[in-house]
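# Structural characterization, general
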Amino acid sequence: MGSLITTVLVVSGLGALLALLLYLIAKKFNVEEDPRIDQVEKMLPGANCGGCGFAGCRGMSEALVKRDDISSLYCPVGGAECMKSVASFLGKAAPEREPMVAVVRCAGSCANRPKTNQFDGAKSCLVASSLYAGETGCSFGCLGLGDCAAKCEFDALHINPETGLPEVDEEKCTACGACVKACPKMIIELRKKAPKGRKIYVSCVNKAKGAVARKACKVACIGCGKCAKVCPFEAITVENNLAYIDFTKCKMCRKCVVECPMGAIVEFGFPPRKVVEEPQSAKTE
Amino acid sequence: MKTFPIGGIHPSDCKEYSKGAKIERFPVPATVTIPLSQHIGAPAVACVAKGDKVLVGQIIATAGGFVSSNIHSSVSGTVVAVEPKADAQGNMKPSITIAVEGDEWAEGIDRTDTVVKAINMSPKEIVDKIAAMGIVGMGGATFPTHVKLSVPDGKKAECLIINAVECEPYLTADYRVMLEQGERLLIGARILAKAIGVDKIYIGIENNKPDAIAHLTKLAGAYLEIEIVPLKMRYPQGGEKQLIAAVTGREVPSGKLPIDVGAVVQNVGTALAVYEAVAKNKPLIERVVTVTGSTLASPKNLLVRIGTPMSALVEYSGGIDGIGKVIAGGPMMGRAVSNLDAPVTKGTSGVLLMPTQESLRKAEGSCIRCAKCVEACPMGLEPYLLSALTQQNDYDQLEAHYIADCIECGCCTFSCPSYLPLLDWVRIGKAEVMKRMRERSQKK
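## A closer look at the domain arrangement of chain B
All names here are of chain B. Taken as a whole, chain B is organised into domain 1 (110-280) and domain 2 (372-443). A C-alpha centroid distance of 29 Å is found between domain 1 and domain 2. Facing the 6 residues of domain 1 at the interface are 6 residues of domain 2. Split into classes, the residues belonging to the side of domain 1 that touches domain 2 amount to 2 nonpolar, 3 polar and 1 charged.

Here it is in structure tokens:
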């Protein structure tokens, strides 16, 4: 009996002692953290996608709280609304960004871009691009093995089995930029999101000379420069046999779409054109 | 019999198809496309323009830096284009295209068959000559030879090793050179030895080429400094570090170069090119290419002008019917060709035509941790781990696991029972780690 009491006393005494020790250590090494960091983290979407440039939402919320000027920080997933609420909570000026969306700049579907060989290796664009130019005559276009889709945290990118090209679900796309980084061919670009999902862009990244590009793909940009000439806003530049539409200057007049002889400039989300005469009158002029 | 200490595999050597075929001179094609980057290092800079007339052996592009190489015209005719052309992998590379007219050679090139034995040049003159003639490593890596021969200050070469291993299955180009041009090859080796100031030459040959060993041993009897070293057949014995280990027993430490253990390694083809450049004043404008395959009507060893389209060689050797895959080089380290119109370059040791059945990859499984790749790796690395780390983008760990030492021999992929494309991933990780290491050393 006596030994039992001794045991209980020793063990509970030891427990109390260690608890005290732990308490003192915790006091001594306590890290003062701004409680707002936790609160801001809760306000962020919690996707941990890295679209802001930080490893996760925690890093972002730390930066938001600690920095005085947060104009360079932006969460593409939360968007303007999220940033506004965070900024008002912290009493700082809200950073503003245009809403963006990922755009796949290649229209080299199986029908447009005939295959010249077959890739048999690892199902990864990164591996394929390290080995060779691709299954078609175009050495710039989409490889279709889906590195972008695999990297998308928001289920917004899928390879269309019919065309073999990735398609962006604009509703789901948060413009985090993970696909842009994942694509070894640098086909995907973040462009300004316009109302009603309207988009105009050059759906090609082929820098080869016109004749070579045309041979490889039916809808390749051949760098003829017609679009640049017709653009009233000087939004189009042609460099290295490739046209590019600057979305900050483009006013979506759609003149270039009609002008492009290859159909490499594409438009989305517009109502159907009024009459078919438009391109014809352009021809007669 | 000597061999290297760790790793390695034993693929079937498949040399029987083309080993009996004598080196044939391939006819000059109608047009040649000569890429400006046929070597490791900076691309050469074109010094001819569209419309210029060129002669065989005339310089058409000059080295774009120290680690670079001159390029000479392999034909006579008119330059029709200086612009990017698709290479064997379909990527656009700056090239010079020449339409062939006749076969007029530039002056000063000795085209006779007489064997010139005496070389009265100083080491520096020899290295300069080799640089001027655009000689690069012809085993496939295409490292500019004059750079390898320029021994850095404070280091000393002790021996020259001629790489006559040709451990790649199928290829017989070096083997035929040894049998048919043995005398010239030995003189080339002696020129190389003189350039780096050594008096010991080893020629490492695998024992699956007994007639080459016997032939060269007989010829080498005339030269005291040359020793023929028969080696036990094992892939990748032709890797520089493996060959040094096999012949001298010395191990090149991680991150160091062969010269750090006193060895300079040169390929058989390079030694022959050096002989022709120094003794005959002939630039590197043609090379021996093995065109082979198990179903080919007539596998051949062809002496081909640089820039000849591969499709011409394929046609000459029996056509593309039933062929599923064309590989430039051997099956282990060669690269699949997606554009057959691409030219033969200084590094094209072979064109291998694989029938569809042989060429198909098997379906990938999962890693079963059997460690066969670890056993096979001749550099003592852990390929399964490097492959996984690459897929996780963990570059710090990759560097810590010595991915930069990978020689890309493909033993890991060959040995994997789950058919994992280990090397494909390791290569990507290695490229990224090497880039980071370079950036770091530049910052310092």
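## Concerning the interface of chain A and chain B
With 14 residues of chain A at the interface, the matching set in chain B holds 14 residues. Class assignment of the residues belonging to the side of chain A that touches chain B gives a composition of 7 nonpolar, 6 polar and 1 charged.

## Considerations on the domain arrangement of chain A
All names here are of chain A. Annotation of chain A at the domain level lists domain 1 (36-90) and domain 2 (100-268). Just the C-alpha atoms count here: the centres of domain 1 and domain 2 sit 31 Å apart. Contacts between the two partners involve 6 residues from domain 1, matched on the other side by 7 residues from domain 2. Classifying every residue of the side of domain 1 that touches domain 2 gives 4 nonpolar, 2 polar and no charged.

## Comments concerning the environment of B:Leu160
Residues and elements named next belong to chain B. When you line up the elements, Leu-160 lands in strand 9 (residues 159-163). Under the C-beta neighbour-count criterion, Leu-160 is labelled buried, with 27 such atoms within 10 Å. Sequence separation between Leu-160 and Ile-244 is 84 residues; the distance between their C-alpha atoms is 9.8 Å. Look past the residues within four positions of Leu-160 in its chain and what remains in contact with it is Ala-189, Leu-192, Ala-193, Ile-196, Val-198, Ile-201, Val-264 and Gln-266.

## Examining the pairing of strand 2 (residues 31-35) of chain B
All names here are of chain B. Most of strand 2 sits out of view: 4 of its 5 residues are buried. Taken together, the 5 bridges between strand 2 and strand 8 (residues 92-100) define a ladder with antiparallel strand orientation. Looking at strand 8, one finds that Thr-31 is bridged to Ala-99.

## Some words on the packing of helix 11 (residues 383-391) of chain B against helix 14 (residues 422-443) of chain B
Residue and element names in this part refer to chain B. Look at helix 11 against helix 14: their axes get within 8 Å of each other, and the N-to-C directions meet at 60°. Our classification of the angle between helix 11 and helix 14 gives oblique. Regarding helix 11 and helix 14, the two cross each other, and that crossing is left-handed. In contact with Pro-383, Tyr-384, Leu-386, Ser-387, Leu-389, Thr-390 and Gln-391 of helix 11, helix 14 contributes Leu-422, Trp-425, Val-426, Ile-428 and Gly-429.

## Details of unusual backbone geometry
Going from B:Tyr235 to B:Pro236, the amide bond is cis rather than trans, its omega being -5°. Position of B:Pro236 among the secondary structure elements: in the loop between strand 11 (226-231) and helix 6 (240-248). Here the phi dihedral of A:Glu234 falls at roughly 50°; this positive angle occurs in a residue that is not glycine. Looking at where A:Glu234 falls in the secondary structure, it is placed in the loop between helix 9 (226-230) and strand 6 (236-239). By C-beta crowding, A:Glu234 is classed as exposed, having 9 other C-beta atoms within 10 Å. You will see that B:Glu408, though not glycine, has its phi angle at about 55°, which is positive.

## Brief notes about the sheet that holds strand 13 (residues 286-292) of chain B
Residues and elements named next belong to chain B. Overall, mixed pairing links the 6 strands, which are arranged 1-14-13-17-15-16 in an open sheet. Here the strands that pair on one side only, and so sit at the sheet edges, are strand 1 (23-25) and strand 16 (335-336). Note that strand 13 and strand 14 (residues 300-305) share 6 bridges and pair antiparallel. Looking across to strand 14, one finds that Thr-290 is bridged to Asn-301. Packing against the sheet, helix 3 (residues 173-180) makes contact with strand 1, strand 13, strand 14 and strand 17 (350-355), and its axis sits at approximately 120° to strand 13.

## Focus on the packing of helix 1 (residues 123-132) of chain B against helix 4 (residues 182-196) of chain B
All names here are of chain B. With their axes 7 Å apart at the nearest point, helix 1 and helix 4 run at an angle of 120° to one another. When the interaxial angle is binned, helix 1 and helix 4 end up oblique. Helix 4 is crossed by helix 1, and the crossing has left-handed handedness. Touching Pro-123, Ile-126 and Val-127 of helix 1 are Ile-191, Lys-194 and Ala-195, all from helix 4. Taken together, the residues that form the contact of helix 1 with helix 4 break down as 5 nonpolar, no polar and 1 charged.

## Here we look at the sheet that holds strand 9 of chain B
All names here are of chain B. The strand order across the open sheet formed by 4 strands is 11-10-9-12, and the pairing between neighbours is parallel. Of all strands in the sheet, those bounded by a partner on one side alone are strand 11 and strand 12 (263-267). Going from strand to strand, the sheet's axes swing by 25° on average, the running direction of each strand aside. Sheet contacts for helix 4: strand 9, strand 10 (201-206), strand 11 and strand 12; angle to strand 9, the most-contacted strand, approximately 145°. Packing against the sheet, helix 5 (residues 210-220) makes contact with strand 10 and strand 11, and its axis sits at approximately 165° to strand 11.

## Quick word on the pairing of strand 10 of chain B
Residues and elements named next belong to chain B. With 6 of 6 residues buried, strand 10 lies mostly within the body of the structure. Both faces of strand 10 are covered, namely the face carrying Ile-201, Ile-203 and Ile-205 and the face carrying Tyr-202, Gly-204 and Glu-206. Relative to strand 11, strand 10 runs parallel, the two being bridged by 6 bridges. Residue pairing for strand 11: Gly-204 is matched across the bridge by Val-229.

Rules of the game
Residues numbered from 1 in each chain as written. Chains lettered and ligands numbered in written order. Predicted model: local features only at pLDDT ≥ 70, side-chain atom pairs only at ≥ 80, totals over all residues. Domains from an automatic or database assignment. Contact = placed C-beta atoms within 7 Å. Nonpolar A, V, L, I, M, F, W, Y, C, P; charged D, E, K, R; others polar. Helix = DSSP H or I, 4+ residues; strand = E, 2+ residues; numbered from the N terminus. Buried ≥ 20, exposed ≤ 12 C-beta atoms within 10 Å, placed from the backbone. Pairing = 2+ DSSP bridges. Axes fitted to C-alpha atoms, helices over the stretch in contact; angles between N-to-C directions. Parallel < 35°, antiparallel > 145°, perpendicular 65-115°, else oblique. Left-handed = near helix turned anticlockwise from the far one by under 90°.

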